[in-house]
Amino acid sequence: MHAVGIVAAAGSGLRLGHERPKALVELAGRPLVAWAVQTLLEGGVQRVVVAVPAADRAAFAAALGPDVELVEGGDTRTASVRAALALAREDVDAVLVHDAARPLTPPDVVARVLAALAAGAPAVVPVLPVVDTTVSVAADGSVTTEVARAALRRVQTPQGFHRQALVAAYAAAHGSAAEFTDDASVVRASGVPVTTVDGDERAAKITVPHDLRLAELQVAAP
Ligand code: CTP
Ligand code: MG
């Protein structure tokens, strides 16, 4: 399966609170985005396109070297992926979309997603179970319902798609008012079924400073 990887790295990382974009913040001396690119390549993707903030293109080029293609991202993650997708040429079978913010994703997760695509699934997401009691709350913070968690899953990246399914879904979603938080939601909105493979706790997203501290510990004592 000939696959291209897209890394969404054009966010600013407001919740992490560093001056530079989150994808350029270092984990064990390497920018988060470089970890994410390496995971995709080690997992079996042939080429990687990274969506970056327009103002920081030079810094990303310096961090990633000449073999990684860069594209200017947009105001939302969806817009950033859409921009990168335009560079996924028609000769690829599959596109894997990954967050720069998940630096310690093991390459095995990439391999599982690619295997499911090769077996015929048009869309694949890595997932983990929900382990905490999960509730809905009202605007005043009071609990309204407990949600049965057996069927719930937390969705990670990389998410994999047959190229044509992803391109068609992004074209259909263009201009719609819907807000999508991941790519599988865009594809599902176009009527394509999404299947799951096992995710990995190490693929956790770095959102707040505590997450980066945990990742540093993980690198130090894997
Ligand atoms: N992302 C992107 N383009 C955007 C917004 C986000 O490519 N306009 C990327 C981020 O770089 C990140 C991933 O999508 O790798 C997941 O987003 P998130 O964790 O929310 O990162 P940020 O948007 O950068 O962080 P924050 O929401 O705290 O500002
Ligand atoms: Mg964000």
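Heads up: these notes are all about the structure in this document. (Residues numbered from 1 in each chain as written. Chains lettered and ligands numbered in written order. Predicted model: local features only at pLDDT ≥ 70, side-chain atom pairs only at ≥ 80, totals over all residues. Heavy atoms only, no water.)

### Quick notes on the site of ligand 1
In step 1: In the vicinity of ligand 1, 18 residues are found, and the nearest of them are Ala8, Leu14, Arg15, Ser80 and Lys205.
In step 2: Alanine 8 has a polar backbone atom sitting 2.7 Å from an oxygen atom of ligand 1.
In step 3: Contact distances for ligand 1 include 2.6 Å between an oxygen atom and a side-chain N or O atom of lysine 205.
In step 4: One can see that ligand 1 is located within the largest pocket. (Near = heavy atom within 4 Å. Polar contact = N/O pair within 3.5 Å; in protein donor to acceptor, adjacent residues only side chain to side chain. 1 Å grid on protein atoms, 1.4 Å probe; cavity = no way out; pocket = protein on both sides within 12 Å on 5 of 7 lines; lining within 4 Å. Sits in = over half its atoms within 2 Å of the grid points.)

### Details of the packing of aromatic side chains
Between two aromatic rings, the relevant description is the distance of the centres plus the angle of the planes.
In step 1: Applying the stated criterion to the full structure yields zero aromatic pairs.
In step 2: Residue placement shows arginine 30 over the ring face of tryptophan 35; its charged tip is 4.7 Å from the ring centre. (Phe/Tyr/Trp six-rings, centres within 6.5 Å; stacked < 30°, edge-to-face > 60°. Lys NZ or Arg CZ within 6 Å of the ring centre and 35° of its normal.)

### Some points on the layout of surface pockets
In step 1: Roughly 910 Å³ of volume is contained in the largest pocket.
In step 2: Gly11, Thr76, Arg77, Thr78 and Thr181 are the residues nearest the centre of the largest pocket, which is lined by 36 residues in total.
In step 3: At four residues, the largest contribution of residues to the lining of the largest pocket is made by helix α3 (residues 77-85).
In step 4: Its residues assigned to classes, the lining of the largest pocket shows eleven nonpolar, 15 polar and ten charged. (Points joined across faces, edges and corners; volume = space filled by probe spheres on them. Helix = DSSP H or I, 4+ residues; strand = E, 2+ residues; numbered from the N terminus. Nonpolar A, V, L, I, M, F, W, Y, C, P; charged D, E, K, R; others polar.)

### Some details on the pairing of strand β1 (residues 3-8)
In step 1: Of all the six residues making up β1, six are buried; the element is thus mostly covered by neighbouring parts of the structure.
In step 2: Relative to strand β6 (residues 94-99), β1 is paired through six bridges, and the arrangement is parallel. The residue bridging valine 7 from the neighbouring strand is histidine 98, located in β6. (Buried < 20%, exposed > 50% of the residue type's maximum accessible area, 1.4 Å probe, protein only. Pairing = 2+ DSSP bridges.)

### Quick notes on the nonpolar core
In step 1: Membership of the largest hydrophobic core comes to 29 residues, with the highest contact counts inside it found for Val7, Val33, Val50, Phe60 and Leu64.
In step 2: Counting 26 residues, the second-largest nonpolar core is a separate cluster that includes Ile6, Val49, Ala88 and Val95. (Core = buried A, V, L, I, M, F, W, Y, C linked by side-chain atoms within 4.5 Å.)

### Quick word on the pattern of salt bridges
In step 1: If you walk through the whole model with that rule in mind, you get six salt bridges.
In step 2: Salt-bridge contacts for arginine 154 lead to glutamate 201; the nearest nitrogen and oxygen are separated by 3.1 Å. Highlighted residues: arginine 154 in strand β10 (residues 153-155) and glutamate 201 in the loop between β12 (195-198) and α7 (209-220), separated in sequence by 47 residues.
In step 3: Exposure remark for arginine 154: the relative accessible area of 35% places this residue in the partly exposed category.
In step 4: Arginine 202 serves as the salt-bridge partner of aspartate 200, at 2.8 Å between the closest nitrogen and oxygen.
In step 5: Within this structure, Arg77, Asp99, Arg102 and Asp183 form a network of salt bridges that share partners. (Salt bridge = Lys/Arg side-chain N within 4 Å of Asp/Glu carboxyl O.)

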